[in-house]
Amino acid sequence: MPVFLKEEDISIVLCGEAGQGIQTVEAVLAQAVKQTGYHIFSTKEYMSRVRGGENSTQIRISSDRVASYVDRIDILLALSYGAIDHLKDRISPNTVIIGDPEHIKSARESENNLPTLNTNFIEIPLMETAEDIGGLIYANVIAAGALSCLLDIPKEIFDGLISDMFARKGPEILQNDLKAGEAGYTIGKDLMESEENQVKLSLEAHSTVRDELLLSGTDAAGMGCLAGGCRFMSSYPMTPSTPLQAFLAGNAHDFELVYEQAEDEIAAINMALGASYAGARSMVATSGSGFALMEEGVGLAGMTETPVVVYLGQRPGPAVGLPTRTSQEDLNLALYSGTGEFPRIIFAPGKLEDAFTLSQRAFNLADKYQIPVFILSDQYFADCYYNIPSLPLEEVENEDYLIKTTPDYRRYLITHDGVTPRGIPGYGEGLVILDSDEHDEEGHITENLEIRTQMVDKRLKKMEHIKKDALTPELVGSEDYENLVLGWGSTYWPIREALENISKKGLNPDSGETSFLHLKQVYPLHSSVTDYLEKAEDVIIMENNAQGQMANLIQLETGLEIQEKYLKYNGMPFSVEEVEKRLRQFMGIEDSGPGGHGKTSGEVL
């Protein structure tokens, strides 16, 4: 029986074992889709292993802009025996499953699979074709070619990307990969023309998309760091912060940046503080359990009033937790890190443009107030890709806060705003002294209790001015709302798309207008947050942690308690469907959509 898929928004999931080249398929398809003129969003979920297990990549291809993870799978390309079982909770009767005959057979025979999986299987000779070309290693390129053909991606675009990717491996391997792509296109053409299993995809391309940027959250944050004048980075590799380290190391030469892979996290933050003491805008990148080792260094930054930017890629804990999954569990860790009391700023980007501007802003504010500034990202945000027209370069403005010292320079001179003009060694005639113990205005160790009190007051006085620089949250929707949805960091797009879906479907809530407030600066909070919350009759917050850390911080800072919390902490991001379902309940709308999968526009005949 023929299978027809006609959608303006297609969710394709590729699933296979680690080592099968799933990321290669993602990289090729992502660029090919954009160059063809389609909007794209891509994200991945993967196990913490080099070989085996089951990893999957979702690629949403749309005629309109997309930037969110969805549970829905329209086409599943299975590259391993366990792929279908791994994703069975996301497979619906409308899902078309394409795979090698052996993998399909294994799925049919498995007792773990749902009965509905017996309907929309399409067998393609992936493994046999790969062996004929030169080995199973070419199966991923065959799969990429088949999908590219179904998506009407011009063959010359596909071949160009394959050449760019594999030319460095030598002419023989490149020719085999081009043959694999050709074989994939032949398979795709057969699927489009088959009377038994016909697959047709309908999308509208836009020529303007071809010139847009295709960036990951890591790319956008990295560009922001470069725009902010980062000149030194020291880090120890740790998922999901390693990609940012690789990005900055790869661009170090062009931007006069020094990158140092330290022997451990303790050394990394102390190197960064040393570079900052010498005048270089400096940063570290790590994850939760790595940052735990850096906490003493954060306290050192607080005591010595040395600026440093900390990129903290969140993942589930405690300890190593789920090393390759996502979470928002480290807000408290950043907020309360370091002994004693001293000011800090915490940003949490939720879209690519914010990742760029907040990262750039982090360096300015770290220098301005001589404090640690945190960029809270997470695995989901760091690894997802989507296209945008441009980055807000017009918002980039760096300020130089260094002064040339005089002979009577005092590094910790008490001032009206708590910020001492900052000098660095060798720039001027003054001596720049600092110490990790309490100190006097010159920087010498002291145990004078009166001076101790004055220095604590000096450091904390900065918070009055830091709060004035706090960023206003983004309100999405009407200002005349009755209900308010609250989110921070990477929850931005799932919440926004879910609310837009509800609006498009013309569903009228029983409880009045609902708007969305996104916090991209989570500490200190802008004063308007209190006003937004007090205006709402009902508030719900969505977080990827078990305790509602942001809700608790809001209560601590504003005195307002958020009663309704939607918390997810299994290591996966929020999907649009589950957010939409929960918001319907919050808004008093009866949920009539299919459970767990949301509404699909595909049609299986």
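The structure we're discussing is the one just above.
Going along each chain's sequence as written, the residues are numbered from 1 onward. Owing to the predicted nature of the model, reporting of local features is limited to residues with pLDDT of at least 70; listing and counting of side-chain atom pairs is limited to 80 or more, with chain, interface and lining totals taken over all residues. The side-chain numbers reported here are obtained from all heavy atoms of the structure, hydrogens and water having been left aside.

Caption draft 1: Fine view of the sheet that holds strand 17 (residues 514-519). Taken in spatial order, the five strands line up as 15-17-16-19-20 in an open sheet, and their pairing is mixed. Only two strands of the sheet have a single neighbouring strand rather than two, namely strand 15 (474-476) and strand 20 (564-567). Taking each pair of neighbouring strands and ignoring which way they run, the sheet shows an average axis angle of 20 degrees. Two elements, strand 19 (residues 538-543) and strand 20, share four bridges in a ladder whose sense is parallel. Pairing of Met 542 across the sheet is with Tyr 566, part of strand 20. Following DSSP output, two strands are said to pair if at least two bridges run between them. By the criteria applied, helices consist of DSSP H or I runs no shorter than four residues and strands consist of E runs no shorter than two, each listed in order from the N terminus. Axis definition: a line fitted to C-alpha atoms, limited for helices to the stretch in contact. Angles are taken between N-to-C directions and run from 0 to 180 degrees.

Caption draft 2: Just helix 4 (residues 126-133), in detail. Note on classification: 1.4 Å probe, protein chains only; a residue is buried when its accessible area is under 20% of the maximum for its type, exposed when over 50%, partly exposed between these limits. Within the sequence span of helix 4, burial applies to Leu 126, Met 127, Thr 129, Ala 130 and Ile 133. Considered in projection along helix 4, the buried side chains sweep an arc of 165 degrees and stay on one side of the axis. Along helix 4, exposed side chains directed more than 90 degrees from the buried face belong to Glu 128 and Asp 132. Note on contacts: a residue pair qualifies if any of its non-hydrogen atoms lie within 4.5 Å across the two residues. On its buried side, helix 4 packs onto strand 4 (75-78), helix 3 (101-109), helix 5 (139-150) and helix 7 (171-193). Positive backbone phi, approximately 160 degrees, marks Gly 134, located one or two places after helix 4. Directions drawn from the helix axis to the C-beta atoms are what define this arc.

Caption draft 3: Region of interest: the side chain of His 439. One can find His 439 in the loop between strand 14 (385-388) and helix 16 (449-468). Using a relative accessible area of 0% as the deciding quantity, one classes His 439 as buried. A distance of 3.5 Å separates a polar side-chain atom of His 439 from the backbone oxygen of Asp 435. The definition of a polar contact used here is a pair of N or O atoms within 3.5 Å, where within protein one atom must be able to donate a hydrogen and the other to accept one, and adjacent residues in sequence count solely through side-chain atom pairs. Within the structure, the side chain of His 439 is placed 3.1 Å from the backbone oxygen of Asp 437, a separation counted as a polar contact.

Caption draft 4: Local environment of the packing of aromatic side chains. Aromatic rings from Phe, Tyr and Trp, taking only the six-membered ring of Trp, are treated as a pair when their centres fall within 6.5 Å; an angle between ring planes under 30 degrees marks them as stacked, one over 60 as edge-to-face, and anything in between as tilted. A complete count under the given rule lists seven aromatic pairs for this structure. With a centroid separation of 6.5 Å and 55 degrees between ring planes, the pair formed by Phe 41 and Tyr 380 is classed as tilted. Here Tyr 380 lies in helix 15 (residues 379-383) and Phe 41 lies in strand 2 (residues 39-45), a separation of 339 residues in the sequence. Neither Phe 41 nor Tyr 380 differs from the other in exposure class; each is buried. Ring geometry for Tyr 492 and Phe 516: centres 5.8 Å apart, planes at 45 degrees, overall tilted. Taken together, the residues span a long stretch of sequence, with Tyr 492 in helix 17 (residues 492-504) and Phe 516 in strand 17 at a distance of 24 residues.

Caption draft 5: Main features of unusual backbone geometry. Each neighbour pair has its own omega, and for Thr 239 with Pro 240 the value is 0 degrees, a cis peptide bond. Residue position: Pro 240 is located in the loop between strand 8 (232-235) and helix 9 (242-250). The omega angle of the peptide bond from Gly 317 to Pro 318 is 0 degrees, so this bond is cis rather than trans. Within the element layout of this structure, Pro 318 appears in the loop between strand 11 (308-314) and helix 13 (331-335). The phi angle at Asp 152 is positive, at roughly 60 degrees, despite the residue not being glycine. Considering the arrangement of structural elements, one finds Asp 152 in the loop between helix 5 and helix 6 (155-166). Backbone geometry places Glu 305, a non-glycine residue, at a positive phi of 55 degrees. Among the secondary structure elements, Glu 305 is positioned in the loop between helix 12 (295-304) and strand 11.

Caption draft 6: How the structure looks around the nonpolar core. Formed by 87 residues in total, the largest nonpolar core has its most connected members in Leu 248, Met 283, Ile 346, Met 550 and Ile 554. Looking at this core element by element, the count peaks at nine residues for helix 14 (residues 352-369). Not counting residues up to four positions away in its chain, the partners in contact with Leu 248 are Gly 222, Cys 225, Leu 226, Met 233, Leu 257 and Met 283. Core analysis: the second largest hydrophobic core is formed by 53 residues, Val 25, Ile 98, Ala 139 and Leu 214 among them. Here the nonpolar core consists of buried residues drawn from Ala, Val, Leu, Ile, Met, Phe, Trp, Tyr and Cys, with membership extended through side-chain atoms lying within 4.5 Å.

Caption draft 7: Broad picture of a negative patch on the surface. A surface patch of like charges, here negative, comprises Glu 479, Asp 480, Glu 482, Glu 513 and Glu 537. On the secondary structure map, Glu 513 appears in the loop between helix 17 and strand 17. Every patch collects residues that have over 30% relative accessible area and no salt bridge, joining them within 9 Å if they carry like charges and within 5 Å if they are nonpolar side chains (Val, Leu, Ile, Met, Phe, Trp, Tyr). Areas reported here follow the Shrake-Rupley algorithm with a probe of radius 1.4 Å; residue values treat only the protein chains shown as occluding. Put simply, a salt bridge is a Lys or Arg side-chain nitrogen that is within 4 Å of an Asp or Glu carboxyl oxygen. Only four residue types enter the tally: Lys and Arg on the positive side, Asp and Glu on the negative side, with His and both chain ends excluded. To locate a charge, the coordinates of NZ of Lys, CZ of Arg, CG of Asp or CD of Glu are taken.

Caption draft 8: Focus on the sheet that holds strand 13 (residues 372-378). Ordered in space as 9-8-10-11-13-12-18, the seven strands form an open sheet in which the pairing is mixed. With one partner strand each, in any of the chains shown, strand 9 (258-261) and strand 18 (521-523) form the two edges of the open sheet. Across the sheet, the mean angle from the axis of one strand to that of its neighbour is 20 degrees, orientation sign disregarded. Relative to strand 11, strand 10 (residues 282-287) runs parallel, the two sharing five bridges. Directly across from Met 283, in strand 11, lies its bridge partner Val 309.

Caption draft 9: Structural view of the side chain of Glu 212. With respect to the element layout, Glu 212 can be found in the loop between helix 7 and strand 7 (213-216). The exposure class of Glu 212 is buried, given its relative accessible area of 10%. Within the local environment of Glu 212, its side chain forms a polar contact with the side chain of Asn 387, the two groups lying 2.7 Å apart. Not counting residues up to four positions away in its chain, the partners in contact with Glu 212 are Lys 34, Arg 65, Asn 387, Ile 388 and Pro 389.

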